[in-house]
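# Structure at a glance
As a plain string of letters, each chain reads:
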Amino acid sequence: MAGLSCGIVGLPNVGKSTLFNALTANQAESSNYPFCTIDPNVGVVELLDSRLQALSDLSKSKKILYATTQFVDIAGLVEGASKGEGLGNKFLANIRETDAIVHVVRCFDSSDITHVSGEIDPIRDIEVINLELELADLQVVEKVLAKVEKQAKGNKEMLVVVDTLKKIRDHLDQGNPVRTLELSDNEKEAIKPYPFLTSKKVLYACNVSEDDLPEMENAYVQKVREYAEKEGNAVIAICCRLEEEIAQLPKEEQDDFLESAGLTESGLQRLVHASFDLLEIITYLTTGEMETRAWTIKRGTKAAEAAGKIHTDIQKGFIRAEVVTYEDMIEFGGRAGAREQGKVRAEGKDYVVKDGDVILFMHN
């Protein structure tokens, strides 16, 4: 199943559908993911990582499984969505389940494509959607507060939940997203059951025109960068039209096409990388005759918990992790060669896993 899930939002005519068409054309083989039913509005994209091919060559693996990101196309987001306009309520349910939000913003002029508000103003567009998310969160807070205040009458421990929710309500009332509110660890724990939309991190995808290639910079993109910096969010410039064209080409022609546009990597790959960075996701690797595979974990995850990504039984019966860096695996021709050079480390369950660690878990 996808290691990461991002909801794609954006006003009508900003390039959201174009981007999503490119994502779904580049769909990872869903047969690789057991029990994975992909809805029409979900695309899974692989994070192409050259380290996996190199390890697979060493291990003569039968297959390679890349890390993936799942992109959910959140339909029906228009002004008034929080009141149920468009497909408002359905969209809100979809977005609550995602890890982060990819907000597509139109950053190009075109007389062919009308803008929903008549003129191009990326900051206004961002604020229209942010306001809808804030209003939706406000509705949730009001609803939950009414319930929790009753419970708190007989249960002192619920008071921290009540106080934190009131703090959030006041913050939202002032037009601020939840992610900009400073909360103590205790307060964060108290509101864990309530996944507020505006507490999610946002990656702004600035949709530029083909005239802006290959730099993909313009005055609109600059404005979005300044806005995102204040929020502590990330920005990626992408030409959705170009991505759609690339996606329709056979795999072997895609690199040449990118090169002719002056680019080294597709926007989709940059989008996946950026979503991993935004959420501080890293990958550790396993390799053998059956498969070479990337596993996604949060930065700072310890070995036993990382083992649980493969199977909960491995976490429960964890004995140790045999760790080799990717570089040492390649330099010494695999685990046996690395062992001869003293490059295999035995680590305990509290070892903090690093990106690119090649791990063999010992368990009973």
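Remember, predicted model here, so these are calculated numbers, not experimental data.

## Looking at the overall build of the protein
Scanning the protein from terminus to terminus reveals 14 helices and twelve strands. Taking all 364 residues of the protein together, the buried fraction comes to 51%. The contacts in the protein between residues at least 6 apart in sequence include a share of 68% that link residues at least 24 apart.

## Examining the pattern of salt bridges
On inspection of all chains with the given rule, the structure shows 17 salt bridges. Between glutamate 187 and lysine 167 there is a salt bridge, with its nearest N and O atoms 3.0 Å apart. Taken together, the residues span a long stretch of sequence, with glutamate 187 in helix α6 (residues 185-190) and lysine 167 in helix α5 (residues 159-173) at a distance of 20 residues. Residue class for lysine 167 comes out partly exposed when judged on its relative accessible area of 34%. In this structure, glutamate 322 and arginine 339 form a salt bridge, with 2.6 Å as the shortest nitrogen-oxygen distance. Placement of the pair is glutamate 322 in strand β10 (residues 318-325) and arginine 339 in helix α14 (residues 335-340), with a sequence separation of 17 residues. Overall, glutamate 322 belongs to the buried group, its relative accessible area being 10%.

## Side note on a negative patch on the surface
Negative charge collects at one region of the surface, where Glu252, Glu253, Asp255, Asp256 and Glu259 lie side by side. Among the structural elements, glutamate 252 can be located in helix α9 (residues 251-260). Classification of glutamate 252 by relative accessible area gives exposed; the value is 64%.

## Some points on the confidence of the model for the protein
Considering every residue of the protein, the mean pLDDT works out to 88; 88% of them sit at 70 or more. Of all helices and strands in the protein, the one with the weakest mean pLDDT is helix α3 (residues 88-96) (65), whereas β10 scores best (98).

## Here we look at the nonpolar core
With 76 residues, the main nonpolar core has Leu19, Leu23, Phe71, Tyr204 and Val224 as its most contacted residues. Grouped together as the second largest cluster of nonpolar side chains are 18 residues, Ala152, Leu172, Val178 and Phe196 included.

## Details of the sheet that holds strand β2 (residues 42-47)
Strand order in the open sheet formed by six strands is β2-β4-β1-β5-β6-β7, with mixed pairing between adjacent strands. Each edge of the open sheet carries a strand with a single partner, namely β2 and β7 (234-238). The average undirected angle you get between the axes of adjacent strands in this sheet is 25 degrees. Across the sheet, helix α4 (residues 122-152) is in contact with β1 (5-9), β5 (100-106) and β6 (201-207); its angle to β5 comes to roughly 145 degrees.

## Comments concerning the side chain of aspartate 328
Note that aspartate 328 resides in helix α13 (residues 326-331). Beyond its immediate sequence surroundings of up to four residues, aspartate 328 is in contact with Ala338 and Lys343.

## Some points on the side chain of aspartate 125
Here aspartate 125 lies in helix α4. Residue aspartate 125 is classed as buried on the basis of its relative accessible area, which comes to 2%. Reaching out from aspartate 125, the side chain makes a polar contact with the side chain of arginine 124 at a distance of 3.2 Å.

What counts as what
- Residues numbered from 1 in each chain as written.
- Predicted model: local features only at pLDDT ≥ 70, side-chain atom pairs only at ≥ 80, totals over all residues.
- Heavy atoms only, no water.
- Helix = DSSP H or I, 4+ residues; strand = E, 2+ residues; numbered from the N terminus.
- Buried < 20%, exposed > 50% of the residue type's maximum accessible area, 1.4 Å probe, protein only.
- Contact = heavy atoms within 4.5 Å.
- Salt bridge = Lys/Arg side-chain N within 4 Å of Asp/Glu carboxyl O.
- Patch = residues over 30% accessible without salt bridge, like charges linked within 9 Å, V, L, I, M, F, W, Y side chains within 5 Å.
- Areas by Shrake-Rupley, 256 points an atom, 1.4 Å probe, with all protein chains shown as cover.
- Lys, Arg positive; Asp, Glu negative; His and termini not counted.
- Charge placed at Lys NZ, Arg CZ, Asp CG, Glu CD.
- pLDDT = per-residue confidence, 0-100.
- Core = buried A, V, L, I, M, F, W, Y, C linked by side-chain atoms within 4.5 Å.
- Pairing = 2+ DSSP bridges.
- Axes fitted to C-alpha atoms, helices over the stretch in contact; angles between N-to-C directions.
- Polar contact = N/O pair within 3.5 Å; in protein donor to acceptor, adjacent residues only side chain to side chain.

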